[in-house]
Amino acid sequence: MKKSHGDKLKPSDDVTQMSRKGAIARSRSIDHQLNEEREKREKEIQLLILGGGGSGKTTFMKQLRLHYGDKFPDEERRLWRPHVFQNVVDAFHRIISNMEVLGEEIKSDEGKASAQELNRLYPKMCYQRLLALENGIHASPKKNRDQLLLDLPSEVIKLQKDPGVKASYATRNRYPLRLSEAEEYFLNDFERICAPSYLPTIKDILFLRKPTVGVQEMCLTINSLNYRVIDVAGQKSQRNKWIHFFEGVTAVIFFVSLSGFNEMLEEDSTMNNLRDSLQTFQEMTHNQYLTKTDVMLFLNKHDLFMEKMKRFRLAETFPEFRGHNTPDDALGFIKDEFYRRAPPGKSLYTHVSCAINVDLMKTIIENVLQILVDINLRRTGLM
Ligand SMILES: Nc1nc2c(ncn2[C@@H]2O[C@H](COP(=O)(O)OP(=O)(O)OP(=O)(O)O)[C@@H](O)[C@H]2O)c(=O)[nH]1
Ligand SMILES: [Mg+2]
């Protein structure tokens, strides 16, 4: 049949029709992509790790990598060298500060000159400096590379030989500024770290202290399930970023440093570490986005807690504790304090952990994965 004039397709109609078809195809493809994304997200288990600075979140991530990830190949371990050296430098800064407070002297001229050079060339790694350095990675890679400690500074080696420093370090229990666990650990193994061929071991990497800046994500596939694990920075100034990760998470792990019961926060010397944890836990569990989210409470640094309970009384910093000063009573009290801050009926799982212990963490992580699988089945309605 002959087409009427009005039905005739003009070139412009052709184009319109084609672009309409194109638009429909594009829209379908976007829908398809969105559906795939949604399905992927539904299959993905998201685990958010929260907790105060230094409570053990990143160490837990390292254990995940060790048991289910790439296990830190040699070339990766090499990259941890500068961070180990920074921990050693920080330890010497702390020793020198303590000596100054206690009125003790660096004996040799070489030692005195080294202390000055250390201050000038290799400043102590504070959080502000770390933030600036990490930001520098994006702005200028060269600047960052130059600031990395590729070798252990010779000043540290000279200081270590000074008789005054040696004597002071040998009686360091009196130090008003205590060395961190990582610093103690690396100084105990000083000779090994000084070797030019030094390659950090897994244990070194677990002990290392490098505060997280920003957010780190790790994706893992275990038993054909995809996991996205999100590790955030725990210092107070960084916690306002946590909320961006709340929506859609399968579960939260909340890390607590048990040994913090008589410590102040690194970033706020007026706030007790454990009290801060309790308060943060209360706020987090009451957050509107997490009302239905299961929470795993990790009472971490159990090894340090056990040691401390021999020397300190919990009631000194927590007068409301009326039990005997035994690890069991103290642990029971701390756990109850957390539980009573969560909303009634909240699903809570508790693990008492030591994040640097490889064997223990293997078992704990297996347990966590099982809990996550169960939560995921429940959430996707299969259980
Ligand atoms: N002795 C002992 N040390 C631990 C334990 N857990 C973590 N550490 C050490 O504590 C330090 C801090 O641990 P991180 O995992 O970096 O702490 P974090 O929670 O990630 O801290 P931010 O990144 O600042 O939020 C590191 O030097 C770890 O080796 C533990 O259970 N026992
Ligand atoms: Mg961290």
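Coordinates for the structure precede this section.
Each value, and the rule that gives it
Residues numbered from 1 in each chain as written. Chains lettered and ligands numbered in written order. Predicted model: local features only at pLDDT ≥ 70, side-chain atom pairs only at ≥ 80, totals over all residues. Heavy atoms only, no water. Donors = N, O, S within 2.8 Å, 3.2 Å for Na, K, Ca; no water. Helix = DSSP H or I, 4+ residues; strand = E, 2+ residues; numbered from the N terminus. Near = heavy atom within 4 Å. Polar contact = N/O pair within 3.5 Å; in protein donor to acceptor, adjacent residues only side chain to side chain. Areas by Shrake-Rupley, 256 points an atom, 1.4 Å probe, with all protein chains shown as cover. Nonpolar A, V, L, I, M, F, W, Y, C, P; charged D, E, K, R; others polar. Axes fitted to C-alpha atoms, helices over the stretch in contact; angles between N-to-C directions. Parallel < 35°, antiparallel > 145°, perpendicular 65-115°, else oblique. Left-handed = near helix turned anticlockwise from the far one by under 90°. Contact = heavy atoms within 4.5 Å. Pairing = 2+ DSSP bridges.

1. Some details on the coordination of the magnesium ion (ligand 2)
Here the magnesium ion (ligand 2) is held by the protein donor atoms Thr 58 (OG1) and Thr 212 (OG1), which lie 2.0 Å from it. Taken together, the positions of Thr 58 in helix H2 (residues 57-68) and Thr 212 in the loop between helix H12 (202-207) and strand E2 (215-222) put the pair 154 residues apart, joining distant regions of the chain.

2. Some details on the site of ligand 1
Taken together, the neighbourhood of ligand 1 is formed by 24 residues, with Thr 59, Leu 206, Phe 207, Thr 212 and Gly 234 sitting nearest. Between ligand 1 and the protein, one listed contact pairs an oxygen atom with a side-chain N or O atom of Lys 57 at 2.8 Å. Between ligand 1 and Phe 207 there is a distance of 2.7 Å, counted from an oxygen atom to a backbone nitrogen or oxygen. The protein chains hide 98% of the 660 Å² of surface that ligand 1 would expose on its own. For the shell around ligand 1, the secondary-structure elements that each account for two or more residues are H2, H12 and helix H14 (302-311). Here the element with the most residues in the shell around ligand 1 is H2; it accounts for three residues. The class makeup of the residues in the shell around ligand 1 is 10 nonpolar, 10 polar and four charged.

3. Topic: the packing of helix H4 (residues 81-102) against helix H8 (residues 154-161)
Packing of H4 against H8 leaves a shortest axis separation of 10 Å and a crossing angle of 45 degrees. Taken together, the axes of H4 and H8 are oblique relative to one another. In this structure, the crossing between H4 and H8 has a hand that is left-handed. Residues Val 88, Val 89, Phe 92 and Ile 96 of H4 pack against Val 156, Leu 159 and Gln 160 of H8. When the residues that make up the contact of H4 with H8 are grouped by side-chain class, the tally is six nonpolar, one polar and no charged.

4. What to know about the sheet that holds E2
Pairing within the open sheet is mixed, and its six strands lie in the order E2-E3-E1-E4-E5-E6. Looking at strand neighbours, the two that pair on one side only are E2 and strand E6 (348-352), the edges of this open sheet. Across this sheet, the average inter-strand angle for adjacent strands is 20 degrees, counted without regard to direction. As defined by bridge partners, E2 adjoins strand E3 (residues 225-232) across eight bridges and the pair is classed as antiparallel. Bridge pairing in E3 places Ile 222 opposite Leu 225. Sitting on the sheet, H2 is in contact with strand E1 (44-51), E2, E3, strand E4 (251-257) and strand E5 (294-300), with an inclination near 30 degrees to E2.

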